[in-house]
Amino acid sequence: MIVSMTGFGVSNQSIKENNIFIEIKGVNHRYLDISVKGSELNINLEEFIKETVSKKLSRGKVDIFVKLKLPNSADYSIDRKQLKKLENIIKHSLPNKDLHFSDIKDVPGIFEIKKSKKINLGHFKMAFREAFDDFLLSKSSEGKKINKILLRKINKVTQLNKKILQTDKKNMKKRINLYKDKVKKISKASFNEQRIEQEITILALKLDVKEEIDRIFFHINSIKKELNKNKGSGKKIDFILQELFRESNTLTVKLDESILKDIALEIKILIEEMREQIQNVE
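Sequence positions are assigned chain by chain, starting from 1 and proceeding in written order. pLDDT decides what is reported in this predicted model: residues at 70 or higher carry local features, side-chain atom pairs at 80 or more are listed and counted, and totals for whole chains, interfaces and linings draw on all residues regardless. Only heavy atoms go into the side-chain values, all of them from the structure, while hydrogens and water stay out.

Peer 1: What should I look at first to understand the overall build of the protein chain in this one?
Peer 2: The helix and strand labels rest on DSSP assignments: H or I over at least four residues marks a helix, E over at least two residues marks a strand, and numbering proceeds from the N terminus. The secondary structure content of the protein chain amounts to eight helices and six strands. Starting at the N terminus, the α and β elements of the protein chain follow one another as β-β-β-α-β-β-α-α-β-α-α-α-α-α. Taking the intrachain contacts of the protein chain between residues at least 6 apart in sequence as the baseline, contacts between residues at least 24 apart amount to 80%. In this description, accessible areas are obtained by the Shrake-Rupley approach with a 1.4 Å probe, and a residue is regarded as covered only by the protein chains that are shown. Approximately 18000 Å² of the protein chain is accessible, and the part contributed by carbon and sulfur atoms is 52%. When checking whether two residues touch, look at their non-hydrogen atoms; a contact exists if any pair is within 4.5 Å.

And the structure:
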């Protein structure tokens, strides 16, 4: 089954005093491009996010937005050297003065409060996996829609290709006889019947599209096989569709009847439509 590069996932969890909001969006891209934005993120969290995403995705532009609302925590510290220095100064200047906390709390460099926000890594991982699972489910759902569209168009190409094969086969003999009659009418003098047969055979071979039709069937079957895999490759299918387009283009050139040319043109249009769809596939 193919998977779309387009997807959306979200998670909004409140666990104890931690509020974690995560939004993931995916769009088409030639390679895998992961962008992480948000406040209160540290290197460990970013590494966890990128590692988790890169294990599951092969290509696509993935934008991840993280918003954290965390409880404040504080660390207190006293610079004992600076405190001792202050005590000595007061002792010599004000020998009867007792030093209290209120005297030192506002003195720069002695008492320090460091405020920080700490996140529970387990809570964050749980929230991210919820958003990421939602994102993967969305990609899979879009992939199923694209898969149905591709199969419908593939079946149509198969039908049209069969029609060209059947019609062209019937018309080949008619064309050969028509060429012979034209040569006889144009030529007033006697002509070499064997030479005419040779020339008509060469002309018929030039106009024969059996090889192109066989290749189209082969490429169609190759796409079906890729679609039936656990995870079909969008790059591979796109390459097959390029080859399929070349064969359909040759078919259009070689066919000389307007009805068959129109059918071949319809095949080309269907292939182009499939190529547009496959640009969304991972």
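Peer 1: Help me understand the packing of aromatic side chains, please; the structure alone is not making it clear to me.
Peer 2: The geometry of an aromatic ring pair is captured by the separation of the ring centres together with the interplanar angle, meaning the angle of the planes. Two aromatic rings from Phe, Tyr or Trp, using only the six-membered ring of Trp, form a pair when their centres are within 6.5 Å; if the ring planes differ by under 30 degrees the pair is stacked, by over 60 it is edge-to-face, and anything between is tilted. Within the structure shown, the criterion is met by five aromatic pairs. Ring centres 5.8 Å apart and planes at 15° place the aromatic pair Phe 128 and Phe 132 in the stacked group. With Phe 128 and Phe 132 both in helix α4 (residues 121–186), this residue pair falls four residues apart, about one helical turn. Here Phe 128 matches Phe 132 in class, with each residue buried. Both rings, one in Phe 132 and one in Phe 135, keep their centres 6.1 Å apart while their planes meet at 25°; by these two values the pair is stacked. A residue pair is termed a helical-turn pair when its members lie 3 or 4 positions apart in one helix, as Phe 132 and Phe 135 do in helix α4 at three residues. Both residues of the pair, Phe 132 and Phe 135, belong to the buried class. Within the aromatic cluster, the residues linked to one another by ring pairs are Phe 48, Phe 124, Phe 128, Phe 132 and Phe 135. Only protein chains enter the calculation, and the probe is 1.4 Å; a residue is then buried if its accessible area is under 20% of its type maximum, exposed if over 50%, and partly exposed in between.

Peer 1: Hey, could you run me through the sheet that holds strand β3 (residues 32–38) in this one?
Peer 2: Picture the strands of a sheet paired through backbone hydrogen bonds; they go either parallel or antiparallel. With mixed pairing, the four strands of this open sheet are ordered in space as β1-β2-β4-β3. Strands with a single pairing partner mark the edges of an open sheet, and in this sheet they are β1 (7–15) and β3. The sheet shows a mean angle of 10° between the axes of neighbouring strands, direction not considered. Here strand β2 (residues 18–27) runs beside strand β4 (residues 60–69); their pairing, made up of nine bridges, is antiparallel. Considered in β4, the bridge of Val 27 is made with Lys 61. Should DSSP find at least two bridges between two strands, the strands are regarded as paired. Axes here mean lines fitted to C-alpha atoms, for a helix over just the part in contact, with angles spanning 0 to 180 degrees between N-to-C directions.

Peer 1: I'm lost on the pattern of salt bridges in this one. Help?
Peer 2: Think of it this way: side chains of opposite charge can pair up when their charged atoms draw near. Whenever a carboxyl oxygen of Asp or Glu lies within 4 Å of a side-chain nitrogen of Lys or Arg, that contact is scored as a salt bridge. Counted by the stated rule, this structure contains 16 salt bridges. Salt-bridge contacts for Glu 51 lead to Lys 55; the nearest nitrogen and oxygen are separated by 3.6 Å. Taken together, the positions of Glu 51 and Lys 55, both in helix α1 (residues 43–56) and four residues apart, correspond to about one turn of that helix. For Lys 55, a relative accessible area of 65% puts it in the exposed group.

Peer 1: It is not clear to me how the pairing of β1 should be interpreted in this structure. Could you clarify?
Peer 2: Put simply, side chains in a regular strand alternate between the two faces of the sheet. Burial of β1 is one-sided: the residues Gly 7, Gly 9, Ser 11, Gln 13 and Ile 15 facing one way are buried, the residues Phe 8, Val 10, Asn 12 and Ser 14 facing the other way are not. By the bridge criterion, nine bridges tie β1 to β2 in an arrangement that is antiparallel. When the bridges of β2 are listed, Ser 11 appears paired with Ile 22. The loop that links β1 with its antiparallel partner β2 comprises two residues; one of these, Lys 16, has a positive phi angle of about 55°.

Peer 1: What is the right way to look at the environment of Leu 68 in this model?
Peer 2: Its location among the elements puts Leu 68 in strand β4. Leu 68 sits 50 residues away from Asn 18 along the chain, and the two C-alpha atoms are 7.4 Å apart. When near neighbours in sequence (up to four residues on either side) are disregarded, Leu 68 contacts Asn 19, Ile 20, Ser 39, Glu 40, Ile 119 and Phe 124.

Peer 1: Whenever I open this one, the nonpolar core confuses me. Can you help?
Peer 2: As a rule of thumb, soluble globular proteins bury nonpolar side chains together. Membership of the largest hydrophobic core comes to 29 residues, with the highest contact counts inside it found for Ile 164, Ile 223, Leu 241 and Leu 251. With eight residues, the single largest contributor to this core is helix α8 (residues 258–278). Sequence-distant contacts of Leu 241, defined by excluding residues within four places in its chain, comprise Ile 223, Ile 271, Met 274, Arg 275 and Ile 278. As used here, the term nonpolar core means buried Ala, Val, Leu, Ile, Met, Phe, Trp, Tyr and Cys residues forming a set that is joined through side-chain atoms within 4.5 Å. With 21 residues, the next largest nonpolar core counts Phe 48, Phe 124, Phe 128 and Ala 131 among its residues.

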